[in-house]
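Okay, here's what each chain looks like letter by letter:
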Amino acid sequence: MPEPVSVEEHLARILDDVEPLAPYQQPLMDALGLAAAEPVVSTVSLPPFDNSAMDGYAVRYADVAAASEEHHVHLPVVGEISAGDARLLALPPGTAAKIMTGAPVPSGADTVVPYEWTDRGVATVVISRAPRERQHVRYAGEDVETGDLLIEEGTVLGPRHLGLLAAAGRPTIAARPRPRVVILSTGTELRDPGTGLGHDSIYDGNSYLLAAAAKRAGAIAYRVGIVPDQPRAFLESLDDQLVRADVVVTSGGVSMGDHDVVKEALSPSGTVWFGPVRMQPGKPQGYGRVGEDSVPIFTLPGNPVSAYISFELFVLPALRTMMGLLPASRPHVRARLTHALTSPRGRRQYMRGDLDRAAGSVSPVGGPASHLVGDLAMADALIVVPEDVTELPAGAEVEVLPLEGGLAGGL
Ligand SMILES: Nc1nc2c(c(=O)[nH]1)N[C@H]1C(S)=C(S)[C@@H](COP(=O)(O)OP(=O)(O)OC[C@H]3O[C@@H](n4cnc5c(N)ncnc54)[C@H](O)[C@@H]3O)O[C@H]1N2
Ligand code: MOO
């Protein structure tokens with residue numbers, strides 16, 4: 001039996017081993033939530049040309065400066081310019097041109113008078129109020145100039161960044177791809193939701209829990225589902241799946257039982273470490289590489305809460321490292337306990353909690369056991385009780401790992 005390792009040791013070993021995936025140019029819509037793997041410099045100005053901010057008349061300021069309710073200015077209308085239709089290129093002095101929002105301002109004109117300050121005349125326009133000089137003109141380059149840095153390398157691309165890239169004419173951006181994560185549940189007792197249950201079977205919650213967690217982390221999740229507790233069936237299933245995997249995540253079959261299929265199947269290869277981590281839930285862990293392509297594999301414990309906490313602590317940071325997303329781990333916060341709690345000595349306890357960020361407090365949710373999925377769904381944080389602490393009073397300040405938020409991209 002290998003010596004127990006700390007959470008930090010296990011995570012460090014994993015993060016030393018996984019590598020960022022090679023970036024390539026991805027269509028913008030595929031890049032949502034990914035980290036930019038290149039800085040992007042604008043090759044255009046925005047706006048690209050001087051254009052109108054209002055529906056109205058393009059004029060020379062000097063021709064309308066004296067307009068008021070008492071002193072109307074009359075100008076002949078020499079044309080009409082719509083957005084995307086700019087046949088009138090120059091405006092003679094002493095004239096006006098109808099202009100629509102977004103249409104190019106003709107040379108000679110420097111100001112736009114909105115319809116509301118005119119009689120909306122067709123042949124001649126009567127202007128009853130003077131704009132400020134250059135009012136309602138959006139000048140070329142006033143937003144972005146050619147050569148401006150649009151996106152810093154490492155930016156997690158959200159809707160506003162993608163909108164800017166498109167506005168600047170970029171159809172793609174270099175980003176690391178989403179890791180393809182294959183998720184296998186082991187357990188002869190498992191059944192698919194929607195099917196019948198015997199007195200000795202349970203539904204496979206884990207493959208949904210882990211696939212959803214992987215997908216939310218930005219990965220592509222392939223939920224393979226249930227594999228029985230037979231090493232041969234497990235290895236066959238794994239072998240079939242490796243071709244589409246950047247990462248494999250299994251649940252179950254790694255503790256001390258007589259049918260611990262994952263351990264039994266993978267131990268002979270010698271490429272996967274199995275051992276205890278000083279944490280609860282989540283003690284029995286495994287990590288290593290499998291197959292011809294040395295695909296990283298996480299063998300998580302089968303108890304659902306253990307599997308989920310293991311995902312948050314070990315798999316999520318690995319996936320984020322592969323995607324070049326920083327920070328790799330969700331940041332911890334500190335909060336005050338609303339109730340006292342106790343914890344066993346020697347293993348770091350991850351109690352389920354309900355975090356109130358505004359109040360800076362956290363309430364324990366349910367018990368510490370690792371099969372309590374009802375309580376897990378009610379929680380949004382983990383209360384971290386250090387290995388050497390056995391009791392904490394109400395009001396104590398504790399470290400908390402939020403299960404929602406804290407990472408760029410709304411994760
Ligand atoms: N003698 C010992 N027994 C156990 C130890 C130990 O140190 N000595 N460790 C316990 C701890 S801690 C954990 S955690 C579990 C981990 O066991 P396995 O990873 O081998 O998982 P299984 O035995 O296959 O399953 C455990 C539990 O979880 C249920 N399960 C499994 N898969 C799913 C799934 N996909 N969806 C829902 N529930 C699932 C399964 O039915 C079991 O109840 O070992 C302890 N034992
Ligand atoms: O470590 Mo197990 O994950 O306590 O139930």
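Residues numbered from 1 in each chain as written. Chains lettered and ligands numbered in written order. Predicted model: local features only at pLDDT ≥ 70, side-chain atom pairs only at ≥ 80, totals over all residues.

You'll find the chain entered in an unreviewed UniProt entry as Molybdopterin molybdenumtransferase, with Nocardioides bruguierae given as the organism. The annotation that UniProt attaches to the chain under Function (unreviewed entry) is "Catalyzes the insertion of molybdate into adenylated molybdopterin with the concomitant release of AMP." For the record of the chain, the UniProt heading Cofactor (unreviewed entry) holds the text "Mg(2+)". (UniProt positions renumbered as here; feature names shortened; annotations may be inferred.)

(A) Region of interest: the sheet that holds strand S12 (residues 180-186). Ordered in space as S15-S12-S16-S20-S19-S17, the six strands form an open sheet in which the pairing is mixed. Two strands close off the open sheet at either side, each with one partner strand: strand S15 (220-227) and strand S17 (272-276). Ignoring which end each strand starts from, the neighbouring axes of this sheet average 15 degrees apart. (Pairing = 2+ DSSP bridges. Helix = DSSP H or I, 4+ residues; strand = E, 2+ residues; numbered from the N terminus. Axes fitted to C-alpha atoms, helices over the stretch in contact; angles between N-to-C directions.)

(B) Seen up close, the packing of helix H1 (residues 7-17) against helix H7 (residues 304-322). Their axes nearest at 10 Å, the elements H1 and H7 cross at an angle of 30 degrees. Comparing their axes, H7 and H1 come out roughly parallel. At the point where H1 passes H7, the crossing takes the right-handed sense. Contact residues: H1 offers Val7, His10, Leu11, Ile14 and Leu15, while H7 offers Leu313, Phe314, Pro317, Ala318 and Thr321. Taken together, the residues that form the contact of H1 with H7 break down as eight nonpolar, two polar and no charged. (Parallel < 35°, antiparallel > 145°, perpendicular 65-115°, else oblique. Left-handed = near helix turned anticlockwise from the far one by under 90°. Contact = placed C-beta atoms within 7 Å. Nonpolar A, V, L, I, M, F, W, Y, C, P; charged D, E, K, R; others polar.)

(C) View of H7. Helix length check: H7, at 19 residues, gives a terminal C-alpha distance of 25 Å against a target of 27 Å (1.5 Å per residue), a fit within 8%. The axis of H7 is deflected most strongly, by about 45 degrees, at Phe311. Extensive coverage of H7 is indicated by the burial of 18 of its 19 residues. One or two steps after H7, the chain reaches Gly324, where phi turns positive at roughly 70 degrees. (Expected span 1.5 Å × (residues − 1). Bend = angle between axes of the 7 residues up to and from the residue. Buried ≥ 20, exposed ≤ 12 C-beta atoms within 10 Å, placed from the backbone.)

(D) The sheet that holds strand S8 (residues 124-127), seen in detail. Strand order in the open sheet formed by five strands is S7-S4-S6-S5-S8, and the pairing between neighbours is mixed. In the strand order of this sheet, the two ends are held by strand S7 (111-114) and S8, each with one partner. The sheet shows a mean angle of 40 degrees between the axes of neighbouring strands, taken without regard to direction. For strand S4 (residues 56-59) and S7, the ladder comprises four bridges, and the chain directions are antiparallel. Looking at S7, one finds that Val59 is bridged to Thr111.

(E) Spotlight on the packing of helix H4 (residues 206-216) against H7. With their axes 10 Å apart at the nearest point, H4 and H7 run at an angle of 25 degrees to one another. Between H4 and H7, the angle is such that the two are roughly parallel. The two elements H4 and H7 cross, and the hand of that crossing is right-handed. Between H4 and H7, the residues in contact are Asn206, Leu209, Leu210, Ala213 and Ala214 and Pro304, Ala307, Tyr308, Phe311 and Leu319, respectively. Tallied by class, the residues present in the contact of H4 with H7 amount to nine nonpolar, one polar and no charged.

(F) Local environment of the UniProt feature "domain: MoaB/Mog" (unreviewed entry) in the chain. Those residues carrying the UniProt feature "domain: MoaB/Mog" (unreviewed entry) are residues 182-321 in this numbering. Structurally, residues 182-321 comprises 34% helix and 30% strand, and the distance from its first C-alpha atom to its last is 17 Å.

(G) Molecular detail of the site of ligand 1. In the vicinity of ligand 1, 26 residues are found, and the nearest of them are Asn206, Gly252, Ser255, Pro301 and Gly302. Counting residues per element, the ones that place at least two in the shell around ligand 1 are H4 and H7. Per-class residue counts for the shell around ligand 1 are eight nonpolar, 14 polar and four charged. (Near = placed C-beta within 6 Å.)

(H) Focus on the site of ligand 2. The environment of ligand 2 is formed by Gln280, Pro281, Gly282, Lys283, Pro301, Asn303, Ser306 and Ser370. Its residues assigned to classes, the shell around ligand 2 shows two nonpolar, five polar and one charged.

(I) Examining the domain arrangement of the chain more closely. Each assigned domain of the chain is listed with its residue range as follows: domain 1 (7-22 + 177-322), domain 2 (25-46 + 145-175), domain 3 (51-138) and domain 4 (333-402). Spacing between the C-alpha centres of domain 1 and domain 4 amounts to 25 Å. Contact residues are listed per partner, giving 14 residues for domain 1 and 15 residues for domain 4. Among the secondary structure elements, those contributing two or more residues to the side of domain 1 that touches domain 4 are strand S18 (279-280) and H7. Counting residues per element, the side of domain 1 that touches domain 4 draws most heavily on H7, at six residues. Here the side of domain 1 that touches domain 4 is composed, by residue class, of seven nonpolar, four polar and three charged. (Domains from an automatic or database assignment.)

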